[in-house]
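What follows is each chain in one-letter form.
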Amino acid sequence: MKKTTLLTGALIVLVILNLTLIGSMFFGHHPHEGMPGMGGPDGPGRGRPREIIIEALQFSPEQIKQYDTLIKQHRSEVDALDKAIRENKQKLYALLQQSYTDQEKENLITGINKLQRQIEETHFTHFEAIKKLCNSQQKADFENMAPEFPKMFGPRPPHGRP
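## Considering the overall build of the chain
Part 1 of the argument: The secondary structure content of the chain amounts to 6 helices and 0 strands.
Part 2 of the argument: Going from N to C terminus, the chain has its helices and strands arranged as α-α-α-α-α-α.
Part 3 of the argument: Looking at the chain as a whole, 24% of its 162 residues qualify as buried.
Part 4 of the argument: In the chain, 56% of the contacts between residues at least 6 apart in sequence involve partners at least 24 apart.
Part 5 of the argument: In the structure as shown, the chain presents an accessible area of about 12300 Å², 60% of it carried by carbon and sulfur atoms.

## A short note on helix α5 (residues 136-145)
Part 1 of the argument: Here α5 has its buried residues at Q138, F142 and M145. Down the axis of α5, the smallest arc covering the buried residues is 60°, so these residues share one side. The exposed set on the far side of α5, more than 90 degrees from its buried face, consists of S136 and N144.
Part 2 of the argument: Where α5 begins, one side-chain oxygen reaches toward the backbone nitrogen of Q137, 3.1 Å away; that side chain belongs to N135.

## Quick look at unusual backbone geometry
Part 1 of the argument: With phi around 50°, Q58 is a residue other than glycine that occupies positive phi space.
Part 2 of the argument: Residue placement: Q58 occurs in the loop between α2 (49-57) and α3 (61-94).
Part 3 of the argument: You can call Q58 exposed: its relative accessible area is 63%.

## Considering the confidence of the model for the chain
Part 1 of the argument: A residue-level look at the chain finds 75% of positions with pLDDT of 70 or above and a mean pLDDT of 82.
Part 2 of the argument: Below pLDDT 50 for its whole length, residues 29-46 participates in 29 contacts with residues either more than four positions away or in separate chains.

## A short note on the nonpolar core
Part 1 of the argument: One finds I53, L57, F59, Y67 and I130 to be the most contacted residues of the largest nonpolar core, which totals 16 residues.
Part 2 of the argument: Secondary structure elements with two or more residues in this core: α2, α3, α4 (102-133), α5 and α6 (149-153).
Part 3 of the argument: At 4 residues, the largest contribution of residues to this core is made by α2.
Part 4 of the argument: Sequence-distant contacts of Y67, defined by excluding residues within four places in its chain, comprise P49, R50, I53, I54, F59, H126, I130 and L133.
Part 5 of the argument: Formed by 8 residues, the second largest nonpolar core is a distinct cluster that contains I85, L92, L95 and L115.

## Details of the packing of aromatic side chains
Part 1 of the argument: Applying the stated rule across the entire model yields 3 aromatic pairs.
Part 2 of the argument: Measuring from ring centre to ring centre gives 5.7 Å for F59 and Y67, while their planes differ by 70°; the resulting arrangement is edge-to-face. We note that F59, like Y67, is buried.
Part 3 of the argument: Ring geometry for F127 and F149: centres 4.4 Å apart, planes at 15°, overall stacked. Of this pair, F127 sits in helix α4 while F149 sits in helix α6; the two residues are 22 residues apart in sequence, bridging distant segments of the chain.
Part 4 of the argument: Overall, F127 belongs to the buried group, its relative accessible area being 18%.

## A look at the pattern of salt bridges
Part 1 of the argument: Taken as a whole and judged by the stated rule, the model has 7 salt bridges.
Part 2 of the argument: D68 is paired through a salt bridge with R50; the nearest N and O atoms lie 2.6 Å apart. You can see D68 sitting in helix α3 and its partner R50 sitting in helix α2, a full 18 residues away along the chain.
Part 3 of the argument: Residues participating in the shared-partner salt-bridge network are R48, R50, E51 and D68.

Reading guide: rules and limits
Residues numbered from 1 in each chain as written. Predicted model: local features only at pLDDT ≥ 70, side-chain atom pairs only at ≥ 80, totals over all residues. Heavy atoms only, no water. Helix = DSSP H or I, 4+ residues; strand = E, 2+ residues; numbered from the N terminus. Buried < 20%, exposed > 50% of the residue type's maximum accessible area, 1.4 Å probe, protein only. Contact = heavy atoms within 4.5 Å. Areas by Shrake-Rupley, 256 points an atom, 1.4 Å probe, with all protein chains shown as cover. Arc of directions from axis to C-beta. Polar contact = N/O pair within 3.5 Å; in protein donor to acceptor, adjacent residues only side chain to side chain. pLDDT = per-residue confidence, 0-100. Core = buried A, V, L, I, M, F, W, Y, C linked by side-chain atoms within 4.5 Å. Phe/Tyr/Trp six-rings, centres within 6.5 Å; stacked < 30°, edge-to-face > 60°. Salt bridge = Lys/Arg side-chain N within 4 Å of Asp/Glu carboxyl O.

In structure tokens, the structure reads:
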């Protein structure tokens, strides 16, 4: 009888843990949300890029205004390129529903590669523009941060997947 009670208790604990895990996945709870440089909507170990840059470089209110303008422009450009990539991927995988030539497949893959290259060039140009906003002390801080940019601002996992 004691074994049954112990197994029942363990089962209840496991069910509660599973429900907690499922709830956190569905409701988007991030254990480090709100902590600088930690989780949240940008992923584990990362804070929001805007806040990281502003805090690390100690931007003035005028610099923040200019930076926000750069962000809007950057997002617009990247969103348009992302949309074009998604459209080309749709066309690529639609080929599987019909007969196609290797050339058709290669043209779509090459197009996707070119768009991805444009995204990387857009990111780099964005960071060059941020650097131009900086005064001499901020430029030194920016340059020290540069090796961390790929980790801080790299690809995020798709929503709902690890």
